[in-house]
Amino acid sequence: MPAVSPTTSVSAHVALTLARHVDHVFGVMGNGNAYFLDALERSTEVHFTAVRHEAGGVVAADAYHRASGRLAAATATYGAGFTNTLTALAEAVQAHVPLVLVVGDEPTSGPRPWDVDQIALASAVGARTYTVGRADAAATTVIAIEHALTYRVPTVLAIPYDVAARDAGALPEAPEPRRPVPLTPAGAFAAGAVEGLVDALASAERPFLLAGRGAWICGAGEALGDIADLTGAVTASTALGRGIFPRGEFDLGVTGGFGAEGAMALVREADLAVVFGASLNQFTMRFGDLFAPGTRVFQVDVAAAATHPHVGGYVRGDAAVVARAVADALRTRGGEPSGWRESVDIASRRAYEPGDGTAADGRLDPRSVAVRIGRLLPEDRVVVSDGGHFIGWANMYWPVASPDRMTMVGTAFQSIGLGWPSVPGAALAKPSATVVLTTGDGGGLMALADLESAVRVAGGCDLAVVWNDAAYGAEVNLYGLKGLAKEPMLIPEVDFAALAAGVGAEGVVVRTLDDLDRLATWAAEPEASRPFLVLDCRISGAVVAPYQQEIIRVNS
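Residues numbered from 1 in each chain as written. Predicted model: local features only at pLDDT ≥ 70, side-chain atom pairs only at ≥ 80, totals over all residues. Heavy atoms only, no water.

Here we take up the overall build of the protein chain. In terms of helices and strands, the protein chain carries 22 helices and 18 strands. In summary, the protein chain has a C-alpha radius of gyration of 25 Å against a globular reference of 24 Å for 556 residues, a match within 12%. In terms of overall dimensions, the protein chain has a C-alpha envelope of 75 × 65 × 50 Å along the principal axes. Residues classed as buried in the protein chain amount to 57% of the 556 residues present. By sequence separation, contacts in the protein chain at least 24 residues apart represent 78% of the contacts at least 6 residues apart. Summed over all atoms, the accessible surface of the protein chain reaches about 21,400 Å², with 54% contributed by carbon and sulfur. (Helix = DSSP H or I, 4+ residues; strand = E, 2+ residues; numbered from the N terminus. Rg over C-alpha atoms; globule rule 2.2 N^0.38 Å. Buried < 20%, exposed > 50% of the residue type's maximum accessible area, 1.4 Å probe, protein only. Contact = heavy atoms within 4.5 Å. Areas by Shrake-Rupley, 256 points an atom, 1.4 Å probe, with all protein chains shown as cover.)

Next comes the structure, spelled out in structure tokens:
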């Protein structure tokens with residue numbers, strides 16, 4: 001292809017237009033996106049972070065969005081580069097992450113032997129593709145951005161190979177993408193639904209408020225705090241909504257399988273439960289057992305209809321808009337709070353089992369490890385989680401200040417192996433915080449290529465905890481107990497501390513709780529001089545997380 005200006009090629013039009021709306025791009029360079037990256041580097045202020053696997057590029061961008069709230073962007077080449085992104089792309093679709101994935105694609109003349117139908121593959125996991133041309137690259141880029149923001153979904157922006165370097169002239173003016181407006185309940189029926197919710201809250205003796213990530217995204221926290229104060233409600237959140245309520249002293253923490261038993265027992269005492277911005281999936285609802293029979297359940301969400309059969313009253317609308325309307329109506333009525341939250345000892349209800357230090361098999365009890373790490377971690381922290389049995393330990397024992405400080409890339413699609421590349425995204429989104437990765441040995445090995453990316457980008461600011469039980473723990477718990485052969489579920493014990501040292505980190509093998517003293521000294525060191533720290537925790541697989549026990553119960 002002939003040399004062209006880094007500002008006038010089709011790829012440059014894509015890069016320059018995208019640069020108006022993003023500040024970071026993550027990915028791997030290849031033939032299909034070389035001109036795009038050249039323009040991005042030469043002609044924009046956007047920061048490009050290279051990762052070592054294309055899935056890692058999408059994961060890093062996903063984590064960047066979850067920690068910052070900003071539009072995410074990733075890039076990969078065509079063919080094998082694109083197909084490598086699919087699991088991460090599917091996760092971002094399931095998690096409703098607005099992301100633009102810029103990829104190369106087959107020439108406009110037709111596929112080559114190594115090309116695949118990328119549009120069909122993207123569609124299969126729920127992502128729409130927009131393909132740029134010589135005359136419309138800037139406008140098409142805006143349309144892709146608008147689609148991602150409007151529907152909160154990853155969007156693929158494809159650059160055909162034979163037009164990537166074509167001269168398209170000066171960058172044309174392109175309109176700003178339209179941003180979605182909050183969904184406001186409208187009409188007499190909607191007004192009646194809101195009024196019914198206000199009536200229920202005003203008359204409840206034991207009101208309970210539950211909020212999810214949707215409530216955080218739309219900024220509903222302050223209004224929800226007002227409702228809690230006006231009604232005397234006890235509060236809690238989903239795993240991705242933790243910390244949204246302003247009054248932590250009246251908050252039960254996380255609901256579902258990650259919830260403390262005492263807290264979940266108190267939820268079942270509620271006579272009214274109102275859910276804001278949460279999908280009420282099977283894990284949040286404890287497979288239908290979160291609320292007691294007879295509890296009146298209301299849900300406020302933007303979905304077309306209630307998302308769980310236990311919901312008796314549904315208000316469709318933006319959680320912040322509805323919460324503010326409800327709070328204002330309650331204040332106008334001038335009623336007294338129920339007093340329920342002051343009548344119970346919330347702190348004791350939130351308590352978790354501390355563990356036994358060492359399990360019967362001589363390996364560490366993961367509960368005790370989690371408690372000790374939780375006490376040593378800096379308060380200003382962001383937790384990023386891979387998928388696997390171990391997800392219970394961080395969720396139960398490492399509280400975070402707000403929903404943008406707990407990132408679980410993989411759980412929406414029930415995948416593992418997306419942990420290490422989550423670190424660069426979260427680290428760049430929250431540069432002043434300590435990012436701590438929680439991952440298992442199975443997922444950690446699957447994502448090993450981007451151990452290097454995590455160490456390179458995060459440096460001494462951040463650390464990782466590997467829950468090393470020499471097995472795929474979830475499978476052992478679910479299927480080993482049913483008598484299936486365990487050999488495929490086992491992993492030879494891997495020395496993650498040595499692997500970490502190979503890419504410039506410090507690795508510590510943790511066989512006793514005293515070995516965690518290194519975390520205390522590490523946290524006291526200056527960030528500029530300390531290394532990325534990897535704690536290789538040799539834990540027992542015999543200690544089953546409570547959420548996993550629920551799954552076992554349901555599936556047995």
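Don't stop here, the text continues.
Here the focus is unusual backbone geometry. The phi torsion at Leu280 lies on the positive side, around 60°, for a residue other than glycine. Assignment of secondary structure puts Leu280 in the loop between strand 10 (272–276) and strand 11 (296–301). Residue classification places Leu280 among the buried positions, given a relative accessible area of 4%. With phi around 50°, Arg286 is a residue other than glycine that occupies positive phi space. Structurally, Arg286 is set in the loop between strand 10 and strand 11.

Now for the nonpolar core. If you look at the biggest cluster of nonpolar residues, it comprises 40 residues, and the most contacted ones within it are Ile373, Trp393, Trp398, Trp467, Leu519 and Leu535. Within the residue set of this core, elements represented by two or more residues are helix 14 (366–376), helix 15 (391–397), strand 14 (406–408), strand 16 (463–468), strand 17 (506–510), helix 21 (517–524), strand 18 (533–538) and helix 22 (546–555). Ile373 has contacts with Trp398, Val465, Leu516, Leu519, Leu535 and Cys537, leaving out every residue within four places of it along the chain. (Core = buried A, V, L, I, M, F, W, Y, C linked by side-chain atoms within 4.5 Å.)

Most of helix 14 sits out of view: 9 of its 11 residues are buried. If you follow the buried residues of helix 14, they end up packed against strand 13 (381–385), helix 15, strand 16, helix 21 and strand 18.

Spatial ordering of the open sheet is given by 2-1-3-4-6-5, a layout of 6 strands whose pairing is parallel. Since the sheet does not close on itself, it has two edges, and those belong to strand 2 (47–50) and strand 5 (128–131), each with one partner. Mean inter-strand twist for the sheet, computed between neighbouring axes without regard to direction, equals 25°. As paired elements, strand 1 (residues 24–27) and strand 2 share 4 bridges and run parallel to each other. Of the residues in strand 2, the one forming a bridge with His24 is His47. (Pairing = 2+ DSSP bridges. Axes fitted to C-alpha atoms, helices over the stretch in contact; angles between N-to-C directions.)

So, on to the pairing of strand 11. Of all 6 residues in strand 11, 5 are buried, a share of seventy percent or more. Relative to strand 11, strand 10 is paired through 5 bridges, and the arrangement is parallel. The residue of strand 11 that forms the bridge with Leu272 is Arg296. Across 4 bridges, strand 11 lies against strand 12 (residues 313–316) in parallel orientation. Bridge assignment links Phe298 to a residue of strand 12, and that residue is Gly313.

The next subject is empty space enclosed by the protein. In this structure the tally under the stated criterion is 1 cavity of 30 Å³ or more. Roughly 40 Å³ of internal volume is contained in the largest cavity. Taken together, the residues of the lining of the largest cavity break down into 4 nonpolar, 2 polar and 2 charged. (1 Å grid on protein atoms, 1.4 Å probe; cavity = no way out; pocket = protein on both sides within 12 Å on 5 of 7 lines; lining within 4 Å. Points joined across faces, edges and corners; volume = space filled by probe spheres on them. Nonpolar A, V, L, I, M, F, W, Y, C, P; charged D, E, K, R; others polar.)

Here the focus is the layout of surface pockets. Put simply, the second largest pocket is a space of about 560 Å³. Every residue lining the second largest pocket is counted, 26 residues in all, and those nearest its centre are Gly253, Arg350, Met396, Pro399 and Val400. Across the lining of the second largest pocket, the residue classes tally to 15 nonpolar, 6 polar and 5 charged.

Here we take up the packing of helix 1 (residues 10–18) against helix 2 (residues 34–43). When two helices pack together, their arrangement is captured by the angle between the axes and the distance separating the axes. Look at helix 1 against helix 2: their axes get within 8 Å of each other, and the N-to-C directions meet at 50°. In terms of orientation, helix 1 and helix 2 fall into the oblique class. The hand of the helix 1/helix 2 crossing is right-handed. In this structure, helix 1 uses Ser11, Ala12, Val14, Ala15, Leu16 and Leu18 to contact helix 2, whose residues at the interface are Tyr35, Phe36, Ala39, Leu40 and Ser43. Classifying every residue of the contact of helix 1 with helix 2 gives 9 nonpolar, 2 polar and no charged. (Parallel < 35°, antiparallel > 145°, perpendicular 65-115°, else oblique. Left-handed = near helix turned anticlockwise from the far one by under 90°.)

Here we take up the packing of aromatic side chains. All chains considered together, the criterion is met by 7 aromatic pairs. Centroid distance Phe208 to Phe291: 6.2 Å. Interplanar angle 65°. Geometry classified as edge-to-face. Note that Phe208 is positioned in strand 7 (residues 207–211) and Phe291 in the loop between strand 10 and strand 11, a separation of 83 residues in sequence. Judged by relative accessible area, Phe208 falls into the buried class, the value being 1%. (Phe/Tyr/Trp six-rings, centres within 6.5 Å; stacked < 30°, edge-to-face > 60°.)

The next thing to look at is the sheet that holds strand 13. The sheet built from 6 strands is open, its strands ordered 14-13-15-16-18-17 with parallel pairing. Sheet topology places strand 14 and strand 17 at the edges, where each strand pairs with a single neighbour. Mean inter-strand twist for the sheet, computed between neighbouring axes without regard to direction, equals 15°. Taken together, the 5 bridges between strand 17 and strand 18 define a ladder with parallel strand orientation.

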